[in-house]
Amino acid sequence: MLYKHFEEYNMQVTDDMKARYKSIIADLGEDVNRDGLVKTPERASKAMQFLTHGYHQDAAEILKSAMFEESYNEMVIVKDIELYSLCEHHMLPFFGKAHIAYIPNGRIVGLSKIPRVVDVFARRLQVQERLTEQILDCINNTLEPQGVAVVIEASHMCMMMRGVQKQNSVTTTSGFRGQFEKIETRSEFLKLISEKLS
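In this report, we go over the structure that sits alongside the text. Just so we're clear, the structure is a prediction, and the values are computed from it rather than from any experiment. (Residues numbered from 1 in each chain as written. Predicted model: local features only at pLDDT ≥ 70, side-chain atom pairs only at ≥ 80, totals over all residues. Heavy atoms only, no water.)

Most peptide bonds adopt trans geometry, and most residues besides glycine take a negative phi value. Here M91, not a glycine, exhibits a phi torsion of approximately 55°, which is positive. As for its placement among the helices and strands, M91 is situated in the loop between β2 (76–87) and β3 (93–103). On the basis of relative accessible area, M91 is assigned to the partly exposed category, the value being 42%. One non-glycine residue, E144, lies in positive phi territory at about 50°. Its location among the elements puts E144 in the loop between α5 (128–143) and β6 (147–156). (Helix = DSSP H or I, 4+ residues; strand = E, 2+ residues; numbered from the N terminus. Buried < 20%, exposed > 50% of the residue type's maximum accessible area, 1.4 Å probe, protein only.)

Counting residues in each nonpolar core, the largest one holds 32 residues, and the members touching the most others are I100, L131, I135 and I152. When contributions to this core are tallied by element, the ones reaching two or more residues are α3 (59–64), β2, β3, α4 (113–122), α5 and β6. Apart from residues no more than four positions distant in its own chain, I135 is found in contact with I100, V117, V118, F121, V150 and I152. Ranked by size, the runner-up nonpolar core spans nine residues in total, among them M75, I103, F189 and I193. (Core = buried A, V, L, I, M, F, W, Y, C linked by side-chain atoms within 4.5 Å. Contact = heavy atoms within 4.5 Å.)

For the rest of this paragraph, the subject is the sheet that holds β2. If you walk across this open sheet you meet the five strands as β5-β2-β3-β6-β7, and the pairing is mixed. At either end of the open sheet lies a strand with only one pairing partner, and these are β5 (125–126) and β7 (171–178). Relative to β5, β2 is paired through two bridges, and the arrangement is parallel. Residue pairing in the sheet places L86 in a bridge with L125 of β5. In this fold α4 packs onto β2, β3 and β5, with an angle of close to 20° to the strand it touches most, β2. Packing of α5 onto the sheet brings it into contact with β2, β3, β5, β6 and β7, and relative to β6 it is tilted by some 155°. (Pairing = 2+ DSSP bridges. Axes fitted to C-alpha atoms, helices over the stretch in contact; angles between N-to-C directions.)

Pairing of side chains with opposite charge becomes possible as their charged atoms draw close. All told, the structure shown has seven salt bridges when counted by the stated rule. Note that E30 and R34 form a salt bridge whose closest N and O atoms lie 2.9 Å from each other. A relative accessible area of 39% means that R34 is categorised as partly exposed. Of the charged contacts, one joins R177 and D137 as a salt bridge, the two residues approaching to 2.9 Å between their closest N and O atoms. Of this pair, R177 sits in strand β7 while D137 sits in helix α5, and the two are 40 residues apart along the sequence. The exposure class assigned to D137 is partly exposed, which follows from its relative accessible area of 25%. (Salt bridge = Lys/Arg side-chain N within 4 Å of Asp/Glu carboxyl O.)

As a further point, take the layout of surface pockets. Looking at the second largest pocket, its volume works out to about 170 Å³. Considering the residues around the second largest pocket, the lining is formed by C87, H89, H90, F94, Q126, V127, Q128, E129, H156, C158, M159 and T171. Secondary structure elements with two or more residues in the lining of the second largest pocket: α5 and α6 (157–160). Its residues placed into classes, the lining of the second largest pocket shows five nonpolar, six polar and one charged. (1 Å grid on protein atoms, 1.4 Å probe; cavity = no way out; pocket = protein on both sides within 12 Å on 5 of 7 lines; lining within 4 Å. Points joined across faces, edges and corners; volume = space filled by probe spheres on them. Nonpolar A, V, L, I, M, F, W, Y, C, P; charged D, E, K, R; others polar.)

As a further point, take α4. Most of α4 is tucked away, with seven of its ten residues classed as buried. Listed as buried for α4 are K113, I114, V117, V118, V120, F121 and A122. Residues of α4 that are buried make contact with α3, β2, β3, β4 (107–109), β5 and α5.

Helix length check: α5, at 16 residues, gives a terminal C-alpha distance of 23 Å against a target of 22 Å (1.5 Å per residue), a fit within 8%. For α5, every residue scored as buried is listed here: Q128, L131, T132, I135, L136, C138, I139, T142 and L143. Take α5 and look down its axis: the buried residues cluster within an arc of 160°, on one side only. Those residues of α5 that are exposed and angled more than 90 degrees off the buried face are E129 and N141. (Expected span 1.5 Å × (residues − 1). Arc of directions from axis to C-beta.)

Take it as geometry only, folks, not as evidence of what the structure does.
Structural data, given as structure tokens:
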């Protein structure tokens, strides 16, 4: 077998949520015994656990697992990091990209750990503003660099599918610490993340 996919779920939580989803589906006027819906409560329960698994992960420990002494002290940027989260107000998805930079101060971090930090905080019930700040503070407090910058651009289904129903709106949030609070450093970062690679 070329591919095996493993997911672990708390069975007590799964069963409890399954019962609630079954009740919600019935309250909406659907037949929970209809062929296409029989397994939906369990699937929905497992999906929600997966989409919020960030509550059970420690972003700081992820960074600490791959920190290395290094003299490099110029800007490091990881841009276009895909993110998927759930709006805490309507529990509808929002999705987009994060752009993150830091200036090392004697230590660097394995590049794959930065997207993992994004995922830890995105896989929770969120608002984009808090998500931006949590990523920023985690990297700043754990890596202790000369500076950190985070920009998130996201589309929110709560604005696209309901409410104002604006399909092309994008929300941008940003946060800066240390050297990135200086206009010249911030401007360099913003210029670099806006450039397309040739």
